[in-house]
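The primary structure of each chain is shown beneath.
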Amino acid sequence: MKSLIIAEKPSVAADIARALGKVPKHGDHYENEEYVISSAVGHVVELQMPEDIDKKKYGFWRLETLPIVPEKFELKPIEDSKDRFNLLKKLIARKDIKEVINACDAGREGELIFKNLALLAKNKHPVKRLWLSSMTNEGINEAFERLRDDSEMQGLADAARCRSEADWLIGINGTRAITKRMFGSRAGNVASVGRVQTPTLALVYARELEIRNFKPRGYWRVTAKFGVAKGDYEGTYQRPDFKKSDDEHDRIDRLWDKAKAEAIVAACAGQPLAQVAEEKKASSQIAPRLYDLTTLQREANSRYGFPAKRTLQLAQALYEKHKMITYPRTDSRALPEDYLPVVRRTLQNLHGALGTHAHKALEKGYVQFNKRIFNNAQVSDHFAIIPTEHEAKHLDEAEAKIFDMIARRFVAAFFPAAEFDVTTRTSTVAGHAFKTEGKVLTVPGWLEVYGKSTVDEDSADSKALPAMSAEDAGKAKTLSTELHEEATRPPPRYTEATLLSAMETAGKLVDDEELAEAMKERGLGTPATRADTIDGLIYQKYLDRNQRELVPTAKAEQLIQFLGAVKAEDLTSPAMTGEWEFNLRQMEHGKFPREKFMAEIVKETKGIVERVKGFEEDDSIARETDIPSPTDGKPLRETLRGYKSHDGEFMIYKIIGGRRMEEHEVKELVTTGKVGPLDGFISAKTRNRFSALLKLNQVEEEAKDGTKTKKWKTEFDFGDKADLGGLTPFWTNPETGAELCENGSSFIVRERDPAAEGGWKQTFRIGRILCQKPITHEMVTDLVSKGKTGLIQGFISKKGRPFDAFLKLEGARIAWEFPPRAPKLDKDGKPIERKARAKVDLSKATVLGQSPAHDGGELVELGDTYYVRKPEQDNRAVFKLAKKLCEHEIAPAVVQKLLAEGKSDLIEGFVSKRGNKFSAYLVLSAKKDKAEFEFPPR
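Rules used throughout
- Residues numbered from 1 in each chain as written.
- Predicted model: local features only at pLDDT ≥ 70, side-chain atom pairs only at ≥ 80, totals over all residues.
- Heavy atoms only, no water.
- Helix = DSSP H or I, 4+ residues; strand = E, 2+ residues; numbered from the N terminus.
- Buried < 20%, exposed > 50% of the residue type's maximum accessible area, 1.4 Å probe, protein only.
- Contact = heavy atoms within 4.5 Å.
- Areas by Shrake-Rupley, 256 points an atom, 1.4 Å probe, with all protein chains shown as cover.
- Lys, Arg positive; Asp, Glu negative; His and termini not counted.
- Charge placed at Lys NZ, Arg CZ, Asp CG, Glu CD.
- Pairing = 2+ DSSP bridges.
- Axes fitted to C-alpha atoms, helices over the stretch in contact; angles between N-to-C directions.
- Parallel < 35°, antiparallel > 145°, perpendicular 65-115°, else oblique.
- Nonpolar A, V, L, I, M, F, W, Y, C, P; charged D, E, K, R; others polar.
- Polar contact = N/O pair within 3.5 Å; in protein donor to acceptor, adjacent residues only side chain to side chain.
- Salt bridge = Lys/Arg side-chain N within 4 Å of Asp/Glu carboxyl O.
- Core = buried A, V, L, I, M, F, W, Y, C linked by side-chain atoms within 4.5 Å.

Engineer: Teacher, can you tell me more about the overall build of the protein here?
Structural biologist: Broken down by element type, the protein carries 24 helices and 44 strands. For the protein, the C-alpha atoms occupy an extent of roughly 100 × 95 × 80 Å along the three principal directions. Scored against the burial criterion, the 938 residues of the protein give a buried share of 47%. Contacts in the protein between residues far apart in sequence, at least 24 positions, make up 62% of those at least 6 positions apart. Surface exposure of the protein reaches about 48500 Å², of which carbon and sulfur atoms provide 49%. Taken together, the 151 basic and 145 acidic charged side chains of the protein have centroids lying 1 Å from each other.

What follows is the structure, encoded as structure tokens:
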């Protein structure tokens, strides 16, 4: 009789087969006298959808059929994974199987994948649990020696099922109910809600409201420059009456009265001597704790800009593929208390510059038992992410960055604290105290592992502070005083790094590490799911990425406002969802009953549906505006979705083309019939931003009974339907008579043409807004008359970066011309010379063949890159392509076909920077110097 081992992924099944003595492969599985090893492909089974339960009743979204609460949740194979399910079902049914070993990922989702599969496949064999924390051969074999009984996993299985069923109940019912009430029967509009995603969105939207409603307050700071025998230093004025209060913007160095600030500057004029007092204090900083997944994702986002999902994928590759780190989907930052021998072996095995620090930690005796690192009470199902004893090999750049972060943090954790001397100098002039701080790193400690032997020179508290000497006699000369006018700033928008922190603590701002640790159990989602939640909000068009910032869309605003109106605050409450997550964690450890949790979820689901179904907006109490309605002349009322007339015949929606309309814009549109052009409309298909003029028109609509009525409608005006002869010119070419006019959201040039309709033809066109910058009459007149504008400042790129440029004409096309880049300056303000790029020597590269695309060119490979060289031109490189592109290995045959035909076959398995898989062709660029992606039609 044999044991059937079911892993979560094929690659893990292969690793287990190798670790158990190279179990040979038989078709789609591995098998010897003792084991049969196979795998799922992630989830192969899912909960039935409403239409599977009753297609006639639930096939169409109707409010009257809600809520949908199945008596029992039935399962079905996932359509794309049916073959894999059938294969596993046959293996489970084999007569020679004595037990099944669940080797899916050691966590809640892995448990759910196996349990659902075993349930639908009607498994009757005893079950054991393989709990893997390391994918090395040693780690796998150790885990097999400690197989867990399935009964030990009941709490985890219950929590996994509850999570899945709760998300189904709230997601299905909430999404159907809210979509029907928000959008009615308008096709293509879905207001998706979820147990974790909606509170997360509410956090981002609440922050956006804080920013939008923020009123800046002016304040003043006074700084003074002081001189002593050994140099100059700067001090900042400190208020003597300062006391901490509820005002988060109040600081000891901020003055809210300009007259007081000016009086201080006046009192310090004339270079009086300042009395100087100093206080020296030693301080230390302990090494940061080991990584859990959320901390790793947060820091990788801050340091490298990696989205959370991308970091998880890289960590998963380091764990599964390279076997170089322990299980990454963990919320623990501690190690088991018996792990000291493993730690010592791992440190011994590290190589390179980091190996030097690791060996020093061992030789100096730094590696000792320490409750901050080794603590069973802080180890859940998994421990902190650390390197394994497996040596680093063949990592791409992104994988190497993540591994270095993990390994460096691991080594640094055992080093002693960094020690500083902090000097606080108070210079008192005419009774006014100015504070200066100097910080000197005396013992690098753990900072040595990060290559730091001094405090960062560019940090505010680390400027070199000239020492006081005997000749100063405790005094300094006041060289100058400066008044700085500043203003309070709104809180910053969330980035993925800060949103992950907020999700971890259910939106509570917790800076203290220990308090944050205690809040983790009531966080939103789990470390393994938070990245997918953020990605899902972006995919569903609730959030946009603006560089590193996450910005809620108009659709997000609509949803959160609607949920507030129907009093479904529990669905937007991070605290409520955090409490649910805490109950699930308790359930994993057998401390919270499954039945009680599901009863709470069902009650909440029914409540949401009842409130949404029963919601009626009372227009009579809506706020009246000063915008007169074109239908009855009375002021429009601001309702939840827009601006509505008293007679109900007229409505301007707040969200038009994915853009939120401001009230003054609506007023201009209603009173003048047009507004704009406005920027920031979003294409529903491409998500690209565009600008347009909005017009208000009356259009005739015919009802089914043949009666005709006129309805008001807002329409985009791009100028493509205009009568050229009816436009008003604002500039005329004195030589040709060509005229510049505004036409919708564009400027155009029209010229006389008797053959054209209306006697005019259009010869040139440019948008009135380019890259979020309004183009003025003067700019476009210069462009048309002189062929080039002056320098235009304040364009914004697609990635949200500001830039300056000239616009110039190249025939009928518009081209950008950029001013020379300002040189980068060093700390002394001197230009930094750019280093010339090292020339690649292709003389010794391996020749793969000729390049038909390059006359006389040879295809060669050197290191990790393909080139085409020209032997008769000193082996000059005329084409370059990385061997590994978007995590996909490019074979020589692919490059040869690209160079011969200009295009490769369709390549599957590319992975984008955001971690999404995609397929594409490689095509030769117009200059034939590189390859570009071409995407198949959707």
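Once the structure has been displayed, the description carries forward.
Engineer: For this particular structure, what's the right way to read the sheet that holds strand 3 (residues 29–31)?
Structural biologist: What links the strands of a sheet is backbone hydrogen bonding, and the strands pair in either a parallel or an antiparallel sense. With mixed pairing, the seven strands of this open sheet are ordered in space as 2-3-4-1-7-8-9. Because the sheet does not close on itself, it has two edges, and the strands there are strand 2 (25–26) and strand 9 (148–149). Pairing geometry for strand 8 (residues 127–129) and strand 9, over two bridges, is antiparallel. Across the sheet, Lys128 pairs through a bridge with Asp149, a residue of strand 9. Each of strand 1 (2–7), strand 3, strand 4 (35–39) and strand 7 (97–103) touches helix 4 (residues 82–92); the most contacted strand, strand 4, lies at about 160° to it. The sheet strands contacting helix 5 (residues 108–120) are strand 1, strand 7 and strand 8, and the helix crosses strand 7 at an angle near 150°.

Engineer: Which parts of the structure should I look at to understand the packing of helix 7 (residues 154–183) against helix 18 (residues 554–565)?
Structural biologist: The contact between helix 7 and helix 18 brings their axes to 11 Å, and the two run at 100°. Comparing the axis directions of helix 7 and helix 18 gives the class roughly perpendicular. Here helix 7 contributes Ile178, Arg181, Met182 and Phe183 to the contact with helix 18, which in turn contributes Gln558, Leu559, Phe562 and Leu563. Grouping the amino acids of the contact of helix 7 with helix 18 by side-chain chemistry returns six nonpolar, one polar and one charged.

Engineer: Got a minute to help me understand the environment of Arg493 in this structure?
Structural biologist: As for its placement among the helices and strands, Arg493 is situated in the loop between strand 15 (475–487) and helix 15 (496–504). In sequence terms Arg493 and Tyr205 are 288 residues apart; their C-alpha atoms lie 9.6 Å from each other. Ignoring anything within four residues of it in the chain, the contact list for Arg493 reads Arg207, Glu208, Ile211, Thr498, Glu549, Leu550 and Val551. Of the polar contacts made by the side chain of Arg493, one reaches the side chain of Glu208; its length is 2.8 Å. Within the structure, the side chain of Arg493 is placed 3.4 Å from the side chain of Glu549, a separation counted as a polar contact.

Engineer: Even after reading the chapter, I still don't get the pattern of salt bridges, so can you show me in this structure?
Structural biologist: Should the charged atoms of two oppositely charged side chains come close, the side chains can pair. Across all of its chains, the model carries 68 salt bridges by this definition. The partner of Glu504 in a salt bridge is Arg298, and the shortest N-O contact between them spans 3.3 Å. Pair noted here: Glu504 is in helix 15 and Arg298 is in helix 10 (residues 293–304), with a separation of 206 residues, a long-range link. With respect to class, Glu504 is no different from Arg298; both count as buried. Here Arg813 and Glu810 are joined by a salt bridge, their closest N and O atoms 3.4 Å apart. Judged by relative accessible area, Glu810 falls into the partly exposed class, the value being 38%. One salt-bridge network, held together by shared partners, links Arg108, Glu109, Arg163, Asp167, Arg195, Glu581 and Glu588.

Engineer: Mind showing me how you'd approach the sheet that holds strand 26 (residues 708–717) here?
Structural biologist: Sheet architecture is open: three strands sit in the order 24-25-26, paired in antiparallel fashion. On the outer flanks of this sheet lie strand 24 (674–682) and strand 26, each paired with one strand and no other. Ignoring strand direction, the axes of neighbouring strands in this sheet form an average angle of 35°. Judged from the five bridges that link them, strand 24 and strand 25 (residues 689–702) form a sheet pairing that is antiparallel. The residue of strand 25 that forms the bridge with Leu678 is Ala692. Lying on the sheet, helix 22 (residues 663–672) is in contact with strand 24, strand 25 and strand 26; it crosses strand 24 at an angle near 140°.

Engineer: Got a minute to help me understand the environment of Arg62 in this structure?
Structural biologist: Relative to the helices and strands, Arg62 is located in the loop between helix 3 (55–58) and strand 6 (75–77). Note: C-alpha distance between Arg62 and Arg548 (486 residues apart in sequence) is 39 Å. Once residues lying within four places of it in the same chain are set aside, the contact partners of Arg62 are Lys56 and Lys57.

Engineer: Help me out: how do you make sense of the nonpolar core in this one?
Structural biologist: Among the nonpolar cores identified, the biggest contains 79 residues, and Ile178, Leu559 and Phe597 are the most heavily contacted of them. The dominant element in this core, judged by the number of residues it contributes, is helix 7, at 11 residues. Filtering out sequence-adjacent residues up to four positions away, Phe597 remains in contact with Cys162, Ala166, Trp580, Asn583, Leu584, Met587 and Phe592. Ranked by size, the runner-up nonpolar core spans 70 residues in total, among them Ala103, Leu290, Ile325 and Phe383.

Engineer: Sorry, what's going on with the side chain of Thr311 here?
Structural biologist: Take Thr311: it is sitting in helix 11 (residues 308–320). For Thr311, a relative accessible area of 0% corresponds to the buried category. Every residue in contact with Thr311, bar those within four places of it in the chain, is listed here: Leu296, Gln297, Ala300, Phe306 and Ile402.

Engineer: Explain unusual backbone geometry here, please?
Structural biologist: With glycine set apart, most residues show a phi of negative sign, and most peptide bonds adopt trans. For the peptide bond that leads from Leu66 to Pro67, omega is 0°, which places it in the cis range. Topologically, Pro67 is positioned in the loop between helix 3 and strand 6. In this structure, Pro677 follows Gly676 across a cis peptide bond, with omega equal to 10°. Take Pro677: it is sitting in strand 24. Of note, the phi angle at Gln271 is positive, near 55°, even though the residue is not glycine. Position of Gln271 among the secondary structure elements: in the loop between helix 9 (258–267) and strand 12 (273–285). A positive phi angle is found at Cys886, which is not glycine, with a value near 50°. The exposure class assigned to Cys886 is partly exposed, which follows from its relative accessible area of 28%.

Worth remembering: the numbers are spatial, not functional.
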